[in-house]
Each structure stands twice: as structure tokens, then as C-alpha cells.
Amino acid sequence: MSFKLVEEAKPRLNRSELAVPGSSPRMFEKAAQSEADVIFLDLEDAVAPDMKEQARRNVIEAINDIDWGEKTLSVRINGLDTPYMYRDLVDVLEQTRDRLDLIMIPKVGTAADVYTVDCIVTQIENAKGRKRRVGFELIIETALGMQNVHEIAAASPRNESLHFGVADYAASVRARTVKIGGVHPDYGVLSDPDAKGERSYFWADPWHYAIARMVVAARANGLRPVDGPFGDIRDEEGYRAAARRAAVLGCEGKWAIHPAQIPLANDIFSPSEAEVERARRILQAMEEAKREGKGAVSLDGRLIDIASIRQAQTLVAKAEQIAKSRSG
Ligand code: GLV
Ligand code: MG
């Protein structure tokens with residue numbers, strides 16, 4: 001281990017993160033009763049410019065009046081380049097009580113963007129005597145943000161998670177696609193001809209680099225990396241595949257832009273019973289190895305060592321968190 005210790009953000013379940021447009025109050029109650037781990041009420045891109053003020057009023061009322069249970073509740077404010085951002089912060093934080101957990105900042109480009117929002121939020125919290133310090137969720141969705149992701153991740157003690165906003169990111173880097181997430185037929189590799197002269201084409205993941213880079217920045221700063229939207233809400237298998245590959249790369253969850261995507265994310269980002277069982281056996285085997293003074297042992301024909309303990313502990317801790325959320 002390095003001498004530098006990475007402090008982990010407040011632990012929260014973040015398997016599914018439901019986006020709810022602030023201009024659609026009829027969706028709020030249903031969202032509150034859903035199985036989503038995190039809900040963000042959106043003041044940004046799901047809201048048309050002439051609805052911005054009404055959406056803000058709806059969101060304030062919803063934070064105050066709806067029973068959100070144990071859910072993590074967030075508000076996505078407008079970007080720092082818009083005329084709405086300061087009032088989103090001032091009105092939402094001045095006119096709500098302490099129920100709000102997080103503020104989601106879109107299109108973060110530099111560490112100074114986060115610092116600016118932190119400064120405003122801190123002033124309001126202190127002036128109004130808010131008791132619960134709000135955390136930040138940051139969307140990495142521009143070339144600038146991806147370039148500066150490491151400084152951004154370290155920019156405020158309020159930071160809790162980084163999110164990959166694939167739609168805006170594609171636009172920002174001018175990727176040749178109009179889809180929201182998922183694969184693209186032009187992004188693949190062609191094998192050399194085999195003995196029969198036949199070649200195979202393999203589709204690849206156009207977002208691998210971006211997600212992997214964001215995951216490194218998040219984890220190096222104790223934050224949760226979360227994969228963003230998947231646009232085709234009818235393509236359940238496509239969503240599952242996208243979520244699985246994000247999980248393999250280290251993400252803790254994925255957005256749901258429709259309630260139908262919530263159970264898919266919850267399922268994929270929850271460790272399976274077999275995984276938890278194996279993790280418990282690894283911990284047990286390593287306990288025994290320790291007693292016998294060994295650093296590594298084999299379990300089911302595979303080598304396990306001290307690194308396996310950390311992976312197993314993380315998995316068991318997640319399973320316990322999920323079990324707690326079910327009973328709570
Ligand atoms: C999310 O905000 C995205 O742009 O994908
Ligand atoms: Mg976006």
C-alpha cells in the first residue's frame with residue numbers, strides 16, 4: 001500500500017440511479033416508491049428552457065412533501081455555463097429542509113467548477129443552518145472533463161461519485177454516433193483470414209477507454225464510479241450487457257432513464273449468491289492460511305492471496321449493505 005490513504009466517500013448503494021424530469025411531477029410518487037437506490041430530480045437536460053422555473057418549483061415541493069423513504073435523493077442542477085445554475089442552488093438549498101442528500105453537477109470541466117459550486121453550497125448551508133452537508137455527484141461528459149477527471153475527482157470533500165454521461169460525451173468528442181450508449185457496428189476489429197480464408201468481425205466497446213479512465217479517477221479518490229444512460233429502453237439484453245461490462249470495469253451502478261431499467265441494474269450490480277458464498281469461503285480459507293503462517297493458498301484449484309481477501313471483503317460488505325436495505 002502507498003503511504004497515502006484513500007478516504008472512501010460515504011458508503012451508499014448506487015446500483016440503480018433513476019433520472020426523473022423535474023418538469024414531470026406526476027412521476028415523482030412512483031419514483032419514490034420504486035426500487036431505485038438513488039433518484040435524481042432533473043433540472044437540466046430533460047427540462048425545456050421555458051419549463052426551467054416551473055421544474056425548480058416542482059422539485060422543491062417534491063423534496064419537502066414526498067416521503068422518499070430511505071432513498072438517496074439528488075437534484076441535477078443546470079451547468080455552470082447557463083443562467084440557471086446559481087438559482088438552482090440558491091432556491092433548492094434555501095427552500096428545502098434537510099432531506100436532500102446530493103447535488104449532481106453536469107458537464108464538469110475543471111476542478112474549479114466543483115470548487116465554485118462547493119463555495120456557493122457552503123455559504124448557503126452555513127447561512128441557513130442546514131444540518132446535513134450535501135454531497136456531490138459529478139458527470140464526466142465532455143472532452144475537457146475527461147481530460148481533467150483526476151483533478152475533478154479530488155476537487156472537494158463533498159465529492160461522492162463520478163458518472164459517465166455517454167450522450168454528451170459522444171457529442172463533445174464528436175463521436176460518429178447518435179445513439180445513447182451501447183455499441184456501434186462501425187466500431188470493431190476484423191480478424192486475419194483463417195486457413196479457409198474466412199474472416200470474422202468482432203464488435204468492440206467504443207466507451208471502454210472513457211469508462212476505465214473515469215473508474216481510475218474515482219477509485220483513486222475514494223469515489224463511486226457509475227455508468228450513465230442506455231437510450232434504447234426496449235432493449236433489455238443490450239442494457240444488461242452494457243451494465244455487466246461496466247460492472248467488470250469497476251462501476252458500482254448504472255443510470256435508469258426509465259423505471260423498467262431499475263430491476264436490471266439492481267440485479268446486475270448485486271453480487272450473486274454464488275459470488276458471496278465463494279467470497280465467504282475465500283475469507284475462511286485465508287483465515288486458516290493465516291493461522292498456519294501461509295500467505296497464499298489454493299481454493300478450488302485456484303490461487304488466492306492477500307489481494308483476494310480485499311476483493312472478497314468488498315463483495316461481502318456490498319451484500320450486507322443490500323441485505324440491510326431490504327430489511328430497512
Ligand atoms: C447524461 O447526462 C449524458 O449526457 O449521457
Ligand atoms: Mg448529459
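Given the structure is predicted, the values throughout are model-derived calculations rather than measurements.

**Student:** Mind showing me how you'd approach the overall build of the chain here?
**Tutor:** Counting secondary structure elements, the chain contains 12 helices and 12 strands. In terms of overall size, the chain behaves like a compact globule, its C-alpha atoms giving a radius of gyration of 21 Å where 328 residues would be expected to give roughly 20 Å. Taken along its principal axes, the extent of the C-alpha atoms in the chain is 60 × 60 × 40 Å. Sequence separation of 24 or more characterises 69% of the internal contacts of the chain that already satisfy a separation of 6 or more.

**Student:** Honestly, the coordination of the magnesium ion (ligand 2) in this entry has me stumped. Any pointers?
**Tutor:** Each pair of donors in an ideal octahedron of six around a metal sits at 90 or 180 degrees, and each pair in an ideal tetrahedron of four sits at 109.5 degrees. For the magnesium ion (ligand 2), every protein donor is listed as E141 (OE) and D168 (OD), and the spread of their distances is 2.0 to 2.1 Å. Residue E141 is found in the loop between β5 (135-140) and α5 (143-147), and its partner D168 is found in helix α7 (residues 166-172); the two are separated by 27 residues along the sequence.

**Student:** Please explain the pairing of strand β2 (residues 38-42) as it appears in this structure.
**Tutor:** For a regular strand, side-chain orientation follows a simple rule: the groups alternate between the two sheet faces. Counting buried positions along β2 gives five out of five residues, so the element sits mostly inside the fold. Side chains V38, F40 and D42 project from β2 onto one buried face, and the interleaved I39 and L41 project onto a second face that is buried too. As judged from the five bridges shared by β2 and strand β3 (residues 72-76), these two strands associate in the parallel manner. Within β3, the position partnered with L41 by the bridge is V75. Running through helix α2 (residues 52-65), the crossover from β2 to the neighbouring parallel element β3 is right-handed.

**Student:** I tried to follow the domain arrangement of the chain on my own but got confused; where do I start?
**Tutor:** Interfaces are often described in size by the accessible area the parts lose on coming together. In terms of domain boundaries, the chain breaks down into domain 1 (16-270) and domain 2 (274-327). With centres defined by C-alpha atoms, the gap from domain 1 to domain 2 works out at 31 Å.

**Student:** Can you help me understand the site of ligand 1 in this one?
**Tutor:** Lining the immediate surroundings of ligand 1 are R76, E141, G165, V166, A167, D168, P229 and W255. Interatomic distance of 3.0 Å between a side-chain N/O atom of R76 and an oxygen atom of ligand 1. A total of 190 Å² of accessible area belongs to ligand 1 in isolation, and the protein chains cover 92% of it. The element that contributes the greatest number of residues to the shell around ligand 1 is α7, accounting for three residues.

**Student:** Hey, could you run me through empty space enclosed by the protein in this one?
**Tutor:** A water-sized probe rolled over the atoms picks out the places where empty space is left. Tallied over the full model, the rule gives one cavity of 30 Å³ or more. Counted as a void, the largest cavity has a volume near 40 Å³. F164, V166, G181, G182, W207, I211, D227, P229, F230, A242, R245 and K254 are the residues that line the largest cavity.

**Student:** Could you clarify how one ought to interpret the packing of aromatic side chains in this entry?
**Tutor:** How two aromatic rings sit relative to each other is set out by the distance from centre to centre and by the angle between their planes. Scanning the model with the defined rule gives five aromatic pairs in all. When the ring of F230 is compared with that of Y239, the centres are 6.0 Å apart and the planes differ by 90°; the resulting orientation is edge-to-face. Taking relative accessible area as the criterion, F230 reaches 6% and is therefore assigned buried. An aromatic cluster of at least three residues, connected via ring pairs, comprises F164, Y169 and W207. For the cation-ring pair, K254 lies above Y239, with the distance from its terminal atom to the ring centre recorded as 5.5 Å.

**Student:** Explain the pairing of β3 to me, please; I cannot follow it from the model alone.
**Tutor:** Counting buried residues in β3 gives five out of five residues, a clear majority hidden from the surface. Side chains of β3 alternate between two faces, with T72, S74 and R76 and L73 and V75 buried alike. Across three bridges, the pairing between β3 and strand β4 (residues 102-105) is parallel. Note that in β4 the partner of S74 across the bridge is L102. Following the chain from β3 across helix α3 (residues 85-95) to the adjacent parallel β4, one finds a crossover that is right-handed.

**Student:** Before we go on, may I ask you to explain the layout of surface pockets in this structure?
**Tutor:** Considering only enclosed or pocket space, the largest pocket measures out at about 1300 Å³ in volume. R219, Q311, T314, L315 and K318 are, among the 33 residues lining the largest pocket, the residues nearest its centre. Listed by contribution, the elements that provide at least two residues to the lining of the largest pocket are α9 (236-249), α11 (273-291) and α12 (306-327). Looking at which element gives the most residues to the lining of the largest pocket, the answer is α12, with nine residues. In terms of residue class, the lining of the largest pocket is made up of 16 nonpolar, six polar and 11 charged. There is about 810 Å³ of room inside the second largest pocket. Residue lining of the second largest pocket: 26 residues in total, with L13, D37, E70, K71 and S325 positioned closest to the centre.

Rules used in this analysis
Residues numbered from 1 in each chain as written. Chains lettered and ligands numbered in written order. Predicted model: local features only at pLDDT ≥ 70, side-chain atom pairs only at ≥ 80, totals over all residues. Heavy atoms only, no water. Helix = DSSP H or I, 4+ residues; strand = E, 2+ residues; numbered from the N terminus. Rg over C-alpha atoms; globule rule 2.2 N^0.38 Å. Contact = heavy atoms within 4.5 Å. Donors = N, O, S within 2.8 Å, 3.2 Å for Na, K, Ca; no water. Buried < 20%, exposed > 50% of the residue type's maximum accessible area, 1.4 Å probe, protein only. Pairing = 2+ DSSP bridges. Right-handed = clockwise from strand over helix to strand, strands pointing away. Domains from an automatic or database assignment. Near = heavy atom within 4 Å. Polar contact = N/O pair within 3.5 Å; in protein donor to acceptor, adjacent residues only side chain to side chain. Areas by Shrake-Rupley, 256 points an atom, 1.4 Å probe, with all protein chains shown as cover. 1 Å grid on protein atoms, 1.4 Å probe; cavity = no way out; pocket = protein on both sides within 12 Å on 5 of 7 lines; lining within 4 Å. Points joined across faces, edges and corners; volume = space filled by probe spheres on them. Phe/Tyr/Trp six-rings, centres within 6.5 Å; stacked < 30°, edge-to-face > 60°. Lys NZ or Arg CZ within 6 Å of the ring centre and 35° of its normal. Nonpolar A, V, L, I, M, F, W, Y, C, P; charged D, E, K, R; others polar.

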